[in-house]
Amino acid sequence: MKTLLTLTARLIADQKWAFSRGLALSFLVLAMGAALLGLSGWFITASALAGITGLGLNFNFFTPSAGVRGLALGRAVSRYGERLLTHDATLRALAKLRIDLMDGVSRRPHEEQARLRGAQALNRITSDVDALDGVLLRLVIPFLAGGMVQIAALLMLWWLEGLPIGLAVFLIYLLGGGLGLIWVARAARHDARAAETALQNIRRRALETMRARADLAVAGQLEAATAQTLAEVEAEALARRNLEALDRRVGAVISATTALAGAAALAIAGQMALAGQITPARAAMGLFVALALAESLMLLRRGMAEIGRMQEAGARVMDLTDTPARAQPDGHAHTDTDAPLIESRNVAFTRAKSAAPLFSDLTFSLARGETVMLAGPSGAGKSTALAVLSGLLKPSGGEITVMGRALADWPEGDLRDVLTMVPQRSQLIGGTIAENLALALPPAAQLDEDAAWAALRAVALDEVIAARGGLEARLGEGGTGLSGGQTKRLALARAALRQPDILLLDEPTEGLDAPTAAATLSGLRALLPDAGFLLVSHRQPDQSAATGTIALK
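Residues numbered from 1 in each chain as written. Predicted model: local features only at pLDDT ≥ 70, side-chain atom pairs only at ≥ 80, totals over all residues. Heavy atoms only, no water.

Some thoughts on the environment of Val418
Move 1: Among the structural elements, Val418 can be located in helix H14 (residues 412-418).
Move 2: Accessibility expressed as a relative area gives 12% for Val418, which makes it buried.
Move 3: Distance from Val418 to Leu28, taken between C-alpha atoms, is 60 Å for residues 390 residues apart in sequence.
Move 4: Apart from residues lying up to four places away in sequence, Val418 is in contact with Val402, Met403, Trp410, Pro500, Asp501 and Ile502. (Helix = DSSP H or I, 4+ residues; strand = E, 2+ residues; numbered from the N terminus. Buried < 20%, exposed > 50% of the residue type's maximum accessible area, 1.4 Å probe, protein only. Contact = heavy atoms within 4.5 Å.)

As structure tokens, this is what we get:
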């Protein structure tokens, strides 16, 4: 429960006014519903009695009739306003939560961020955020509005008919409805979790099957993969059917509670009417108000059924968003411009839960204008070494300095100004070429078109981009629309726009033919003549461009 309270406070932090108005309108909807049914019951009963007693000509039909119409119209308008305000505020709150979530993930260690990029983790995060829209819409607001209207009904029935009727209706709903909702929250936990797990598996398996359908077909495994996906569909459907059955049972409990509250109100009011304490018309009002209050419980049925899922999703989301900020060292420490760009002394790295180091005794220096190749067999840790040298991973031993200053003493922003890394799998975004290149620039900076074309020319991509429509040519989601080699070169051009002193390149010419690979590396060197390049590659053009080689041990 603490998780939901904390999450609720976080979601409404920037939308207090909108949620307050939405809550007020939700209360009005329930209150007008109870008043509408209560007034209608009184009106029908009073009209019938007036006709029976021969007082129909003197009975005022117009005022209560206008009240019924006013309440019906007011309820419809309030319902529309409540939906508009609460849904808009919820969407805005979730949008901010997604930004906070991404910010929290960015503060996680590099290796954990890599794990969170997997399909299963991304599906889980997306589903968790989607589950949280019910915290306010199906749980908090209905609970508060329902509680408020129950208390208001108690006071109104006390005033109009007497305390016994109001108290009886209130206690029956409190005990019967409360126990029923607590029961559904407990009983639905297992099936809700099973449905969510199956849904995640459906998404993951369907995506994997679509991406690998050609390979699966060649291997004769496409039907088996499809069958696994269909099995998850059946598991999800079974869990949903169990939840629907539970929902029907809860509906029966609420209906029984409503019937009991109505019967109690009618019995007590009937006795009071016989005693002459209230009129028969007022006695009918208590019955109809008791029946109308069932809506306050019905609104909570779905929210209580999903409360377990909301709690688990909220705990995972808050764990990511509450990632503590990384400690930043002093940004005014001395740097030696005459020192090597990077100097590594006996650096080693050991993976978590591994006894033996992935590599050790990595010792070298990189000077300005120098291109150094990092060599070693597959699996020797070359890509990991680049991550260590770029400050993304902490070494388990040794010392790394950048421009004479210990790598650990560099503030993140200052380090990225002088050191840029292009990983083996570079990411592009859906948007224009210009927007993809602008990712290399500070937030407020504008892309210089001359500099952009110079960077594209350096990686032999200028003619390709010009033929596609120039810098305003659009790419699809994830940068689709370019070949693998073109994607790599666009990422290299983006890195070159930063004008770094140090450029770490992991398989920079992968997917390129030998002439294009040689032209790309020579173009980068011409564009950044004073920068130090550290390459990881198995290709001959890259090895030919290197002025030195370091072997991992």
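A short note on the pattern of salt bridges
Close approach of charged atoms lets side chains of opposite charge pair.
Move 1: Per the counting criterion, the structure on display carries 26 salt bridges.
Move 2: We note a salt bridge from Asp130 to Arg98, for which the minimum N-O separation is 3.2 Å. On the criterion of sequence distance, the pair formed by Asp130 in helix H5 (residues 119-131) and Arg98 in helix H3 (residues 62-106) is long-range, its members being 32 residues apart.
Move 3: The class of Asp130 is partly exposed, set by a relative accessible area of 33%. (Salt bridge = Lys/Arg side-chain N within 4 Å of Asp/Glu carboxyl O.)

Quick word on a nonpolar patch on the surface
Move 1: On the surface, a nonpolar cluster with roughly 740 Å² of combined accessible area is contributed by Ile151, Leu155, Trp158, Leu163, Leu167, Leu171, Leu174 and Leu175.
Move 2: When contributions to the nonpolar patch are tallied by element, the ones reaching two or more residues are helix H6 (133-160) and helix H7 (163-211).
Move 3: Residue position: Leu171 is located in helix H7.
Move 4: Residue Leu171 is classed as partly exposed on the basis of its relative accessible area, which comes to 38%. (Patch = residues over 30% accessible without salt bridge, like charges linked within 9 Å, V, L, I, M, F, W, Y side chains within 5 Å. Areas by Shrake-Rupley, 256 points an atom, 1.4 Å probe, with all protein chains shown as cover.)

Remarks on the packing of aromatic side chains
Move 1: Overall, the coordinates contain one aromatic pair when judged by the stated rule.
Move 2: Between the aromatic rings of Phe349 and Phe359, the centroid separation amounts to 6.3 Å while the plane-to-plane angle is 25°, which identifies the pairing as stacked. In this pair, Phe349 sits in strand S1 (residues 342-349) while Phe359 sits in strand S2 (residues 359-366), placing the two residues ten residues apart along the sequence. The same class applies to Phe349 and to Phe359, which are both buried.
Move 3: One cation-aromatic arrangement involves Arg405 over Trp410; the distance from NZ or CZ to the ring centre is 4.9 Å.
Move 4: A cation sits over an aromatic face here: Arg525 above Phe533, 4.0 Å from the ring centre. (Phe/Tyr/Trp six-rings, centres within 6.5 Å; stacked < 30°, edge-to-face > 60°. Lys NZ or Arg CZ within 6 Å of the ring centre and 35° of its normal.)

A word on the nonpolar core
If you look at soluble globular proteins, the nonpolar side chains tend to sit buried side by side.
Move 1: Core analysis: the largest hydrophobic core is formed by 63 residues, its most contacted members being Leu11, Leu132, Val135 and Leu293.
Move 2: Once residues within four sequence positions are removed from consideration, Val135 is found in contact with Leu4, Leu7, Thr8, Leu11, Val140 and Met310.
Move 3: Formed by 32 residues, the second largest nonpolar core is a distinct cluster that contains Ala455, Ile465, Ala493 and Leu497. (Core = buried A, V, L, I, M, F, W, Y, C linked by side-chain atoms within 4.5 Å.)

A few points about the domain arrangement of the chain
Move 1: Looking at the chain, the domain boundaries give domain 1 (2-321) and domain 2 (342-551).
Move 2: Distance between the C-alpha centres of domain 1 and domain 2: 52 Å. (Domains from an automatic or database assignment.)

With respect to the pairing of strand S9 (residues 502-506)
Move 1: S9 sits mainly inside the fold: five of its five residues count as buried.
Move 2: Burial of the side chains of S9 extends over both faces: Ile502, Leu504 and Asp506 are buried on one face and Leu503 and Leu505 on the other.
Move 3: Relative to S9, strand S6 (residues 419-422) is paired through four bridges, and the arrangement is parallel. Counterpart to Met421 in the pairing with S9 is Leu504.
Move 4: Direction of pairing for S9 relative to strand S10 (residues 532-536): parallel, over a ladder of five bridges. Looking across to S10, one finds that Asp506 is bridged to Val536.
Move 5: For the segment spanning S9, helix H19 (residues 514-527) and S10, crossover handedness is right-handed. (Pairing = 2+ DSSP bridges. Right-handed = clockwise from strand over helix to strand, strands pointing away.)

Focus on the confidence of the model for the chain
Move 1: Mean pLDDT over the chain works out to 85, with 96% of the residues at or above the 70 mark.
Move 2: When pLDDT is averaged over each helix and strand of the chain, the minimum, 73, is found for helix H20 (residues 540-545) and the maximum, 91, for S9. (pLDDT = per-residue confidence, 0-100.)

Topic: the sheet that holds strand S5 (residues 405-406)
Hydrogen bonds between backbone atoms are what pair the strands of a sheet, whose relative direction is either parallel or antiparallel.
Move 1: Read from one edge of the open sheet, four strands run S2-S1-S4-S5, paired in antiparallel fashion. Each edge of the open sheet is held by one strand with a lone partner, namely S2 and S5.
Move 2: As defined by bridge partners, S1 adjoins S2 across five bridges and the pair is classed as antiparallel. The residue of S2 that forms the bridge with Phe349 is Phe359.
Move 3: Sitting on the sheet, helix H13 (residues 382-389) is in contact with S1, S2 and strand S4 (397-402), with an inclination near 60° to S2. (Axes fitted to C-alpha atoms, helices over the stretch in contact; angles between N-to-C directions.)

Quick notes on the packing of helix H2 (residues 16-52) against H6
Move 1: Taken N-terminus to C-terminus, the directions of H2 and H6 make an angle of 50°; their axes are 9 Å apart at the nearest point. By the angle between their directions, the pair H2 and H6 is classed as oblique. In this structure, the crossing between H2 and H6 has a hand that is right-handed. On H6, the residues that touch Phe19, Leu23, Ser26, Phe27, Leu30 and Ala31 of H2 are Leu136, Ile141, Leu144, Ala145, Gly146, Met148, Val149 and Ala152.
Move 2: For the contact of H2 with H6, a count of residues per class yields twelve nonpolar, two polar and no charged. (Parallel < 35°, antiparallel > 145°, perpendicular 65-115°, else oblique. Left-handed = near helix turned anticlockwise from the far one by under 90°. Nonpolar A, V, L, I, M, F, W, Y, C, P; charged D, E, K, R; others polar.)

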